[in-house]
Amino acid sequence: MSPRTSPRRQPITIRRAVAGDAKRLTRIVRGSGAYEGKYASAVAGYRVGPDYIEAHRAFVAVGADEHGNRVLGFYSLVLDPPELDLLFVADEAQGQGLGRLLVAHMQSEARAAGLDRVMVVSHGPAEDFYHRVGAVRTGTVPANPPAVPWDRPEFEFRIPPE
């Protein structure tokens, strides 16, 4: 299987993240092409540590390849207040529906937890993605320099009951 093989042709498993995933999750965040240029400072020193994984509902999408199981993306759901805190897909796995799969899983987890809405604060390059997966824009979070020097779109996922 070549490195360009579509992750959707591989079996994808979504499982709860474990402390041993922390370094890979940090690499996915820091290596995200969506955070290049003016957005690079937001992830330059970002770390997804074992403590974060323990404290949050973090889930990883794992694909089987010739090297074994490989983490291709992840998300973190905070229950109070309901928020999609992180959602990242490795650059090499983008465009294959993995982000949509992670969002569907998040919505299922949110529903199981009794939530009817989940908010997400994004950044400009991800805005189209959130629209495509059914999030509704609810506003704009103003810049907060120096940590976040740009305005950020805010979205909401409505979680219908089953």
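Residues numbered from 1 in each chain as written. Predicted model: local features only at pLDDT ≥ 70, side-chain atom pairs only at ≥ 80, totals over all residues. Heavy atoms only, no water.

S.K.: Please explain the overall build of the chain as it appears in this structure.
M.R.: Assigned secondary structure in the chain consists of five helices and seven strands. Element order for the chain, N to C, with α for helix and β for strand: β-α-α-α-β-β-β-α-β-α-β-β. Its C-alpha atoms give the chain a radius of gyration of 15 Å, near enough to 15 Å, the size a compact globule of 162 residues would have. Dimensions along the principal axes, computed over C-alpha positions, put the chain at roughly 45 × 40 × 30 Å. In the chain, buried positions account for 41% of the 162 residues. Carbon and sulfur atoms form 49% of the exposed surface of the chain, whose accessible area is close to 8,700 Å². One way to put it: in the chain the 20 positive side-chain charges average out to a point 4 Å from where the 19 negative ones average out. (Helix = DSSP H or I, 4+ residues; strand = E, 2+ residues; numbered from the N terminus. Rg over C-alpha atoms; globule rule 2.2 N^0.38 Å. Buried < 20%, exposed > 50% of the residue type's maximum accessible area, 1.4 Å probe, protein only. Areas by Shrake-Rupley, 256 points an atom, 1.4 Å probe, with all protein chains shown as cover. Lys, Arg positive; Asp, Glu negative; His and termini not counted. Charge placed at Lys NZ, Arg CZ, Asp CG, Glu CD.)

S.K.: Quick question: what am I supposed to make of the side chain of glutamate 109 here?
M.R.: Relative to the helices and strands, glutamate 109 is located in helix α4 (residues 98-112). Among the polar contacts listed, one links the side chain of glutamate 109 to the side chain of arginine 57, at a separation of 3.4 Å. Ignoring sequence-local partners within four residues, the contact set of glutamate 109 consists of Arg57, Phe59, Tyr75 and Leu77. (Polar contact = N/O pair within 3.5 Å; in protein donor to acceptor, adjacent residues only side chain to side chain. Contact = heavy atoms within 4.5 Å.)

S.K.: Would you take a moment to explain α4 for this structure?
M.R.: An α-helix turns once every 3.6 residues. As a result, residues three or four positions apart point the same way. With 15 residues, α4 should reach 21 Å at 1.5 Å per residue; the first-to-last C-alpha distance of 21 Å fits that figure. By the burial criterion, the buried members of α4 are Leu98, Gly99, Leu102, Val103, His105, Met106, Glu109 and Ala110. For α4, the arc enclosing every buried residue in end-on projection is 160 degrees, short of the 170-degree limit, so these residues lie on one face. In the segment just after α4, glycine 114 is the residue with positive phi, at about 85 degrees. (Expected span 1.5 Å × (residues − 1). Arc of directions from axis to C-beta.)

S.K.: What is the right way to read the environment of valine 29 from this model?
M.R.: Positionally, valine 29 belongs in helix α1 (residues 22-30). A relative accessible area of 1% places valine 29 in the buried class. The sequence separation of valine 29 and leucine 84 amounts to 55 residues, and the corresponding C-alpha distance is 15 Å. With near-sequence residues (within four places) excluded, valine 29 lies in contact with Val43, Tyr46, Val48, Phe74 and Phe88.

S.K.: Before we go on, may I ask you to explain the nonpolar core in this structure?
M.R.: In a soluble, globular protein the nonpolar side chains are often hidden away together inside. Membership of the largest hydrophobic core comes to 24 residues, with the highest contact counts inside it found for Tyr75, Leu84, Met106, Val118, Tyr130 and Phe157. Taken together, the elements giving at least two residues each to this core come down to β2 (57-65), β3 (68-79), β4 (82-89), α4, β5 (117-121) and β7 (152-158). In terms of residue count, the dominant contributor to this core is α4 (five residues). Other than its neighbours up to four places away in sequence, tyrosine 130 contacts Leu84, Leu87, Val120, Ser122, Ala135, Phe155 and Phe157. Core analysis: the second largest hydrophobic core is formed by 21 residues, Ala22, Ile53, Val62 and Trp150 among them. (Core = buried A, V, L, I, M, F, W, Y, C linked by side-chain atoms within 4.5 Å.)

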